[in-house]
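Architecture and fold: a report
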Amino acid sequence: MNKLKSIAFAVLYLFITVAAQFLLAIVLGVQMMLFGFLNGTLDRDLSIQIQEQFESNQFNLILVALVNLILIAGFGTWYVLIRKERDVSPVPYRKILSAKSLVFTALLAVCSQFACNIIMVVFQMIFPAVFAHYTELMEGLDIHVLPAWAMLFIVAVWSPLAEELVFRAMVFRTLRKGFSFVPAAIISGVAFGVYHMNWVQGVYAAALGILLAYTYEKTNSLLGCYLFHLAFNLSSYAIEALQSAGSALPDVVMGLLILVIHGVSIVGGGFLIWRYSKLYAKKEIVEHEEIREI
């Protein structure tokens with residue numbers, strides 16, 4: 001597949017993803033209007049009521065869950081068919097699920113989370129107003145917005161599966177047919193950052209997307225990058241809980257502790273990436289001759 005064609009199909013996958021989210025939001029909005037009409041609450045303030053509902057955290061999380069359901073069903077089925085019919089290179093499932101690999105994945109996810117914290121601190125210093133808006137937005141992902149089990153499932157389990165199907169299994173894998181690893185990883189990573197639709201998340205999500213593409217490249221599997229993404233999202237809540245627990249410490253001690261942890265995370269993250277590359281020998285993806293190009 002040439003470069004232009006690989007870009008075209010990657011854009012198609014992204015368009016389908018955005019269109020699914022947009023159309024489902026419209027459908028839910030129409031349902032809300034009909035519900036209001038049938039219950040006699042349709043009045044001149046309906047537009048304000050609908051706007052408030054659309055901006056509510058619960059509505060947005062439910063919308064995300066439903067969109068992810070559509071993406072997982074559609075792209076998941078397509079990915080399985082592609083892997084079954086066209087990719088003949090083996091996937092090292094035993095190695096991916098080995099204790100050593102799982103420990104590396106979890107530790108690298110935690111180190112990456114601390115690295116993202118550093119990016120956010122720098123962003124806050126340079127763009128305080130933008131970061132304030134991001135902080136307000138992230139309050140909608142507080143674990144208390146929905147029941148804890150539902151919140152963890154949507155954010156840490158469900159969303160990573162949908163995002164990995166779209167951005168690594170579909171977009172990165174398609175770009176990889178026309179480009180070498182570096183440009184394919186950068187393009188898919190930037191697309192992943194833009195998808196988050198805010199500057200702060202966009203910057204660190206782009207960096208994370210490149211690392212997830214590297215994981216897909218090494219493991220030749222959706223499973224590897226999904227486990228990494230799942231561990232990354234879970235670690236954010238774990239780190240938040242530890243920070244809350246450490247709030248009782250003196251500010252100086254807490255500051256030094258955070259500084260040491262972030263320093264160790266940067267060094268440890270680099271070491272883990274190197275060890276990860278050693279754990280998985282690179283395997284070129286061998287494909288059958290394609291009759292259809294998607």
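Residues numbered from 1 in each chain as written. Predicted model: local features only at pLDDT ≥ 70, side-chain atom pairs only at ≥ 80, totals over all residues. Heavy atoms only, no water.

Once that is clear, we can look at the side chain of Glu163. Along the polypeptide, Glu163 turns up in helix α7 (residues 148-178). No salt bridge is formed by the buried Glu163; its nearest oppositely charged neighbour, Arg168, is found at 5.8 Å. Polar contacts involving the side chain of Glu163 include one to the side chain of His229, which spans 3.3 Å. Aside from chain neighbours lying at most four places away, what touches Glu163 is Arg168, Phe192, Tyr195, His196 and His229. (Helix = DSSP H or I, 4+ residues; strand = E, 2+ residues; numbered from the N terminus. Buried < 20%, exposed > 50% of the residue type's maximum accessible area, 1.4 Å probe, protein only. Lys, Arg positive; Asp, Glu negative; His and termini not counted. Salt bridge = Lys/Arg side-chain N within 4 Å of Asp/Glu carboxyl O. Polar contact = N/O pair within 3.5 Å; in protein donor to acceptor, adjacent residues only side chain to side chain. Contact = heavy atoms within 4.5 Å.)

In this section: the nonpolar core. Ranked by size, the top nonpolar core spans 66 residues in total, and within it Leu63, Phe75, Tyr79, Leu165 and Phe228 carry the most contacts. Not counting chain neighbours up to four residues away, the residues in contact with Tyr79 comprise Leu165, Ala169, Met170, Arg173, Tyr216, Ser221 and Leu222. (Core = buried A, V, L, I, M, F, W, Y, C linked by side-chain atoms within 4.5 Å.)

A word on a nonpolar patch on the surface. Nonpolar side chains collect at one region of the surface, where Val121, Val122, Met125, Ile126, Phe127, Val130 and Trp199 lie side by side and expose about 740 Å² of accessible area between them. When residues in the nonpolar patch are grouped by element, the largest group, four residues, is from helix α5 (residues 99-126). By secondary structure assignment, the location of Ile126 is in helix α5. (Patch = residues over 30% accessible without salt bridge, like charges linked within 9 Å, V, L, I, M, F, W, Y side chains within 5 Å. Areas by Shrake-Rupley, 256 points an atom, 1.4 Å probe, with all protein chains shown as cover.)

The next point concerns the pattern of salt bridges. Taken as a whole, this structure holds two salt bridges when the rule is applied. Residues Glu164 and Arg168 are paired through a salt bridge, measuring 2.7 Å at the closest nitrogen-oxygen approach. Placement of the pair is Glu164 and Arg168 together in helix α7, with a separation of four residues, close to one helical turn. The exposure class assigned to Glu164 is buried, which follows from its relative accessible area of 0%. Salt-bridge contacts for Arg176 lead to Glu217; the nearest nitrogen and oxygen are separated by 2.9 Å. Of the two residues, Arg176 is situated in helix α7 and Glu217 in helix α9 (residues 199-219); the sequence distance between them amounts to 41 residues. Residue Glu217 is classed as buried on the basis of its relative accessible area, which comes to 13%.

Glancing now at the environment of Phe179. Along the chain, the position of Phe179 falls in the loop between α7 and α8 (181-195). Its relative accessible area of 14% is what places Phe179 among the buried residues. Residues Phe179 and Lys3, 176 residues apart in the sequence, show an inter-C-alpha distance of 6.4 Å. Ignoring anything within four residues of it in the chain, the contact list for Phe179 reads Lys3, Ser6, Ile7 and Ala184.

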